[in-house]
Amino acid sequence: MYAIVKTGGKQYRVQQGQSLLVERLTASEGESVTLAPLLYVDGSNVVDQVDGLSGVKVEARVVAHERGPKLRIVKFKPKRGYKRRNGHRQELTRLEVTGIKVGGGRSRGTAKASADAPAPVAGEAAAEGTAAEGTAAEKPKAAAKPKAAAKPKAAAKPKAPAKPRPPRTPKRTSEEETDGT
């Protein structure tokens, strides 16, 4: 017999008498806590539905509050002189599972809700499909937003007449420089 429970954003497989480390809980040492079950298995009996899990309770006792091992974080960028070193120790709680209790919940094999509802007839299913398609076609499309009115353009400023450029003189070649002219 075991259960899958969720605490601290993680899932754990627990059995009665097992000890486990989880994210820090607010309960004090020696206090009893109830963990949220996601799945319960007892031999061939599997309970995984929300209505069935309402009867399953996983109880645990807080043994101690601990800190995890030191983790070293190093950041380094070559050729830039950038080095950073940081450390972290996670706050943890050690729990001991005291019991997994089952009360009146249904298992996967006894899905009574599906047996109570009559199965639809093939002709009705086809009629429902066409009706659903008809309602989708009848829905009006969203109205398009009107475009913003065009703003009148400001009158263009008259351009100043271009200044005449002086004529370019050709570069002297090395022969002209040596002639002395």
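Further up the page is the structure itself.
Residues numbered from 1 in each chain as written. Predicted model: local features only at pLDDT ≥ 70, side-chain atom pairs only at ≥ 80, totals over all residues. Heavy atoms only, no water.

## Let's talk about the overall build of the protein chain
Move 1: When helices and strands are counted, the protein chain shows 4 helices and 9 strands.
Move 2: Going from the N terminus to the C terminus, the protein chain shows its helices and strands as β-β-β-β-β-α-β-β-β-β-α-α-α.
Move 3: For the protein chain, the residues scored as buried account for 17% of the 181 residues in total. (Helix = DSSP H or I, 4+ residues; strand = E, 2+ residues; numbered from the N terminus. Buried < 20%, exposed > 50% of the residue type's maximum accessible area, 1.4 Å probe, protein only.)

## Topic: the pattern of salt bridges
Move 1: By the definition in use, this model includes 6 salt bridges.
Move 2: Across the pair E23 and K10 runs a salt bridge, and its minimum N-O distance is 2.7 Å. With E23 in strand β3 (residues 19–23) and K10 in strand β2 (residues 10–14), this residue pair connects regions lying 13 residues apart in the sequence.
Move 3: In this structure K10 comes out as partly exposed when scored by relative accessible area, which is 37%.
Move 4: Connected through salt bridges with shared partners, the residues R24, R67 and E91 form a single ionic network. (Salt bridge = Lys/Arg side-chain N within 4 Å of Asp/Glu carboxyl O.)

## Considering the side chain of T93
Move 1: Counting through the fold element by element, T93 comes out in strand β9 (residues 91–102).
Move 2: According to the relative accessible area criterion, T93 is buried, its value standing at 0%.
Move 3: At a separation of 3.0 Å, a polar atom in the side chain of T93 contacts the main-chain amide nitrogen of L25.
Move 4: The contact partners of T93, leaving out residues within four places of it in the chain, are L20, L21, V22, E23, R24, L25, V62, A64 and H65. (Polar contact = N/O pair within 3.5 Å; in protein donor to acceptor, adjacent residues only side chain to side chain. Contact = heavy atoms within 4.5 Å.)

## Observations concerning a positive patch on the surface
Move 1: Together, K75, K77, K79, R80 and R84 line one region of the surface with positive charge.
Move 2: Tracing the backbone through its elements, the reader meets K75 in strand β7 (residues 71–77). (Patch = residues over 30% accessible without salt bridge, like charges linked within 9 Å, V, L, I, M, F, W, Y side chains within 5 Å. Areas by Shrake-Rupley, 256 points an atom, 1.4 Å probe, with all protein chains shown as cover. Lys, Arg positive; Asp, Glu negative; His and termini not counted. Charge placed at Lys NZ, Arg CZ, Asp CG, Glu CD.)

## A short note on the packing of aromatic side chains
Move 1: Considering all chains together, one arrives at 0 aromatic pairs under this definition.
Move 2: If you follow R13 out to its NZ or CZ, it ends over the ring of Y2, 3.8 Å from the centre.
Move 3: Positioned above the aromatic ring of Y82 is the side chain of K77, whose terminal nitrogen or guanidinium carbon lies 5.3 Å from the ring centre. (Phe/Tyr/Trp six-rings, centres within 6.5 Å; stacked < 30°, edge-to-face > 60°. Lys NZ or Arg CZ within 6 Å of the ring centre and 35° of its normal.)

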